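An overview of the molecular structure
Here's the letter readout for the chains.
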Amino acid sequence: MFHKEGGKIILIATTLTVIFLLAADRLIEIFWLKKAIEVLILIMLLLILQFFRNPKRTVEINDNHIIAPVDGKVVVIEEVFEGEYFKDKRLQVSIFMSPINVHVTRYPVNGKINFSKYHPGKYLVAWHPKASTENERTTVVVENRIFGEILYRQIAGALARRIVNYAETGMQVVQGTDAGFIKFGSRVDLFLPLGTEINVQLNQTAVGGKTIIAIKNS
């Protein structure tokens, strides 16, 4: 299953693949060279297909859990000052996505969208310290009945050139459902209330919609 944001690109890539394969078959007479080029063309198509994959995942909805919004590696767990919305200290958890990860963004909690804003910006590598404030990004705040307001930020990377964000102020959203897409690499930052019990470790692999990032014990 593929994400709807990849529909146009997949169609173009498939069409070009067919054209190039036919051209290679007719124009290249050296057998090994023809086969090598055909294999390379097919590999390129497979890379595009895998990038836009959107696997079906069953989400166990739980207001006492904050789940991973994306697939990737946990690269930051630290107390920071969040200056755009909260303007106070928060606990930041960041997940870095490589080009081979699933790039669907999912809502980490149930709740109401209180804030959603797009920021144009640079395309520094996603792990750069200034990427969170200088790169192209979107900031979304969801108010959950257990955790209160949490903020997640989609951040473009060196390869990403388009962030898709479906969150609109006033929407009621469901944990684990489709919140957007980041094309070709990047990361997502979560900003949680201080004292939140974190359930992941640095360098842990997170699975969007599955991995529990934080827990609120009743």
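As shown above, the structure is provided for reference.
A few points about the pattern of salt bridges
Applying the stated criterion across every chain yields a total of nine salt bridges. The salt bridge involving Lys89 is made with Glu79; its shortest N-O contact spans 3.7 Å. In this pair, Lys89 is assigned in strand 3 (residues 88-97) and Glu79 in strand 2 (residues 72-82), connecting sequence segments 10 residues apart. Connected via shared salt-bridge partners are Glu82, Glu84 and Arg153.

Considering the sheet that holds strand 13 (residues 205-206)
Taken together, the eight strands give an open sheet; going across it, the order is 9-5-6-7-11-3-2-13, and neighbouring strands pair in antiparallel fashion. Looking at which strands have only one partner, the edges of the open sheet turn out to be strand 9 (172-173) and strand 13. Taken together, the eight bridges between strand 6 (residues 137-144) and strand 7 (residues 148-156) define a ladder with antiparallel strand orientation. The residue of strand 7 that forms the bridge with Val140 is Tyr152.

Section: the sheet that holds strand 12 (residues 197-198)
The sheet built from three strands is open, its strands ordered 1-14-12 with antiparallel pairing. On the outer flanks of this sheet lie strand 1 (65-67) and strand 12, each paired with one strand and no other. In terms of strand pairing, strand 12 meets strand 14 (residues 212-215) through two bridges, oriented antiparallel. Among the inter-strand pairings, Glu197 is bridged to a residue of strand 14, identified as Ile215.

What to know about the pairing of strand 6
With seven of eight residues buried, strand 6 is to be regarded as a mostly interior element. Here seven bridges tie strand 5 (residues 111-119) to strand 6, and the two strands are oriented antiparallel to one another. Among the inter-strand pairings, Lys112 is bridged to a residue of strand 6, identified as Glu143. Connecting the antiparallel pair strand 6 and strand 7 is a turn made up of three residues.

Examining unusual backbone geometry
Even without glycine at this site, Lys87 takes up a positive phi of about 55°. If you check the backbone angles, Asn203 has positive phi at about 70° while not being a glycine. Inspection of the secondary structure assignment puts Asn203 in the loop between strand 12 and strand 13. Asn203 sits in the exposed class, given a relative accessible area of 55%.

A short note on the nonpolar core
A general trend in soluble globular proteins is that nonpolar side chains are found buried together. Counting 29 residues, the largest nonpolar core has Ile66, Tyr152, Leu192 and Ile213 as the members making the most contacts within it. Secondary-structure elements contributing two or more residues to this core are strand 3, strand 6, strand 7, strand 10 (178-183), strand 11 (186-192) and strand 14. If you tally residues by element for this core, the top one is strand 3, at four residues. Residues Ile10, Ala13, Phe51 and Phe181 belong to the second largest nonpolar core, which totals 10 residues.

Cut-offs used in this document
- For every chain, the first residue of its written sequence is number 1, and the numbers climb from 1 along that sequence.
- Reporting of local features is limited, given that this is a predicted model, to residues whose pLDDT is at least 70; pairs of side-chain atoms are given and counted only at 80 or more, and all residues count toward the totals for whole chains, interfaces and linings.
- Heavy atoms from the whole structure form the basis of all side-chain values; hydrogens and water molecules are not counted.
- Definition used for salt bridges: Asp or Glu carboxyl oxygen within 4 Å of a side-chain nitrogen of Lys or Arg.
- To qualify as a helix, a DSSP run of H or I must reach at least 4 residues; to qualify as a strand, a run of E must reach at least 2; elements of each kind are numbered from the N terminus.
- Only when DSSP finds a minimum of two bridges between them are two strands counted as paired.
- Relative accessibility under 20% of the residue-type maximum defines a buried residue, over 50% an exposed one, and the middle range a partly exposed one, all with a 1.4 Å probe and only protein chains included.
- Here, nonpolar core means buried Ala, Val, Leu, Ile, Met, Phe, Trp, Tyr and Cys residues that are tied together by side-chain atoms lying within 4.5 Å of each other.

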